[in-house]
Amino acid sequence: MNSPKKAKTALISVFYKDGLEPIVKKLDALGVTIYSTGGTETFIKKLGINVIPVEGLTSYPSILGGRVKTLHPKVFGGILSRRDNKNDLSQLKEYKIPEIDIVIVDLYPFEKTVASSASEQEIIEKIDIGGISLIRAAAKNFKDVICISSMNQYDAFLTLMNDSNGETTIEQRKNFAAKAFAVSSHYDSAIFNYLNTDTLAFRESFDTVSTLRYGENPHQKGYFFGDMEALFDKLHGKELSYNNLLDVDAAVNLISEFKNNTPTFAILKHNNACGLAQRDTLKQAYVDALAGDPTSAFGGVLISNKEIDVETATEIHKLFCEVVIAPSYHKEALEILKGKKNRIILIQKNIELPKTQYRTALNGVLFQEKDNITDNANVISTSTLKEPSSTELEDLFFASKICKHTKSNTIVLVKNKQLIASGTGQTSRVDALNQSITKAKHFNFDLNGAVMASDAFFPFPDCVEIADKAGINAVIQPGGSIKDQLSIDYCNEHKMSMIFTGTRHFKH
């Protein structure tokens, strides 16, 4: 029962014909009877290979503008019939239905059509009906039928045919069936996500997968599901690791806040910025970003909002770093950075980032909109008698952007558009503030004239008091505590300015 089966018939109906020719020729050489329809039938005929039109099998032409071609009992009976079931075989004989042993399908390119900004009618016409039905039928009956459900499987199938002289085992057919249902479920998810406007259901699917060296730790397996090439061109270096990818994700989201600004450079470690500066030249932006925490920068991820020039690359090359990301590189700068063989060098493409995010939690998935609010002059209110100066206001917004992308609880300290310290991932806001002050002093920063950003409100006035005594005189925070007035009163008494944004920026 489980002995290899030799295929005698095949049904081929594909959208893309690339790579199909050697398969058709191999099947013909093996004496396999080929059924086909439409453009695929024409393609096979032009190869000089005999092909039976599906219309000749069903006695029905393609109708409704091609919407109905293969949806017929003489097609699906031949696919779904159980070869060890006497009743099925009797009905095949009664209705003159041939057994179909191989089904090769490549679906209408629905996702590519959506991405092309085609009209809704064009997109709807690219929802494959006959093809998806053929795939499901053939995959269900893997006991007797092998299903090739995508052009991406052509090479594997051709190798199988060459190696086995047209025979397949049940294990091989089951393996292709699993791939077939992966194709069909991905296809249906894409259609759902295109059409859906108000149904609360989670459907995400990725066909592209990369096997990582390991997960977060060497004893954990790790994979990346997604199309990395859509976002980056990789120019050099080793493969990205699981932890690299988390840092790269954090870096890309952070630098998006400064996309159209003057030269800005950020250095990240464990998903948090340990250095960030904005200057007239990229080289100076990098140098000042590195000065924010040269210790943590070791082995970090570097990202720029401008092309990396020779001067900047020369400075970067002095540092051991895992990844460098930029929109482009000067030719000589690229050669300098390639001087370290394992250094990963990426060009970030100009594409829109996802507007939602999700992650596993317990036995389910947490899903939310991204924090897409960036604090600006249109949403703030000054809560104190003293207004921040224009320079302080620029620094406050600068600090708030960094704060938004730093693990909570966090406090961010900025001076002259340079991150001079941050307290990250602390269980109390006071701890985060003390950590940032200690760190700033450790790297010899003068906190007089610095500003402070908090991701959430202050429940007590202790933070503004600690900040004041350290020399900080301007604060940005969401506000919203029932005890806001205590912090406001302290700021007024000590001539500090404080602005409320009304938006909390927790990040866990």
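Look above for the structure.
About the thresholds
- Residues numbered from 1 in each chain as written.
- Predicted model: local features only at pLDDT ≥ 70, side-chain atom pairs only at ≥ 80, totals over all residues.
- Heavy atoms only, no water.
- Salt bridge = Lys/Arg side-chain N within 4 Å of Asp/Glu carboxyl O.
- Helix = DSSP H or I, 4+ residues; strand = E, 2+ residues; numbered from the N terminus.
- Buried < 20%, exposed > 50% of the residue type's maximum accessible area, 1.4 Å probe, protein only.
- Phe/Tyr/Trp six-rings, centres within 6.5 Å; stacked < 30°, edge-to-face > 60°.
- Lys NZ or Arg CZ within 6 Å of the ring centre and 35° of its normal.

Draft legend 1. Geometry of the pattern of salt bridges. Following the criterion strictly, the structure yields 20 salt bridges and no others. Here lysine 417 makes a salt bridge to glutamate 394, at a shortest N to O gap of 3.4 Å. Linking lysine 417 in the loop between β19 (411-414) and β20 (419-423) with glutamate 394 in helix α16 (residues 390-404), this pair joins segments that are 23 residues apart in sequence. What makes lysine 417 partly exposed here is its relative accessible area of 24%. Aspartate 455 is the partner of arginine 429 in a salt bridge, and the nearest nitrogen-oxygen pair spans 2.2 Å. You can see arginine 429 sitting in helix α17 (residues 429-442) and its partner aspartate 455 sitting in the loop between β21 (451-454) and α18 (462-470), a full 26 residues away along the chain. By relative accessible area, which is 10% here, arginine 429 ends up buried. Since its relative accessible area comes to 0%, aspartate 455 is described here as buried. In the salt-bridge network here, residues are joined through shared partners; they are Arg83, Glu99 and Asp101.

Draft legend 2. Representation of the packing of aromatic side chains. A complete count under the given rule lists 11 aromatic pairs for this structure. Here phenylalanine 202 and phenylalanine 367 contribute two aromatic rings whose centre-to-centre distance is 6.0 Å and whose plane-to-plane angle is 70 degrees, an arrangement assigned as edge-to-face. Here phenylalanine 367 lies in strand β17 (residues 364-369) and phenylalanine 202 lies in the loop between α10 (170-195) and β8 (209-211), a separation of 165 residues in the sequence. The exposure class of phenylalanine 367 is partly exposed, given its relative accessible area of 47%. Members of the aromatic cluster, joined through ring pairs, are Phe15, Tyr16 and Tyr108. Directly above the ring of phenylalanine 176 sits lysine 179, whose terminal nitrogen or CZ lies 5.8 Å from the centroid. Sitting above the plane of the phenylalanine 192 ring, arginine 203 keeps its charged end 5.8 Å from the centroid.

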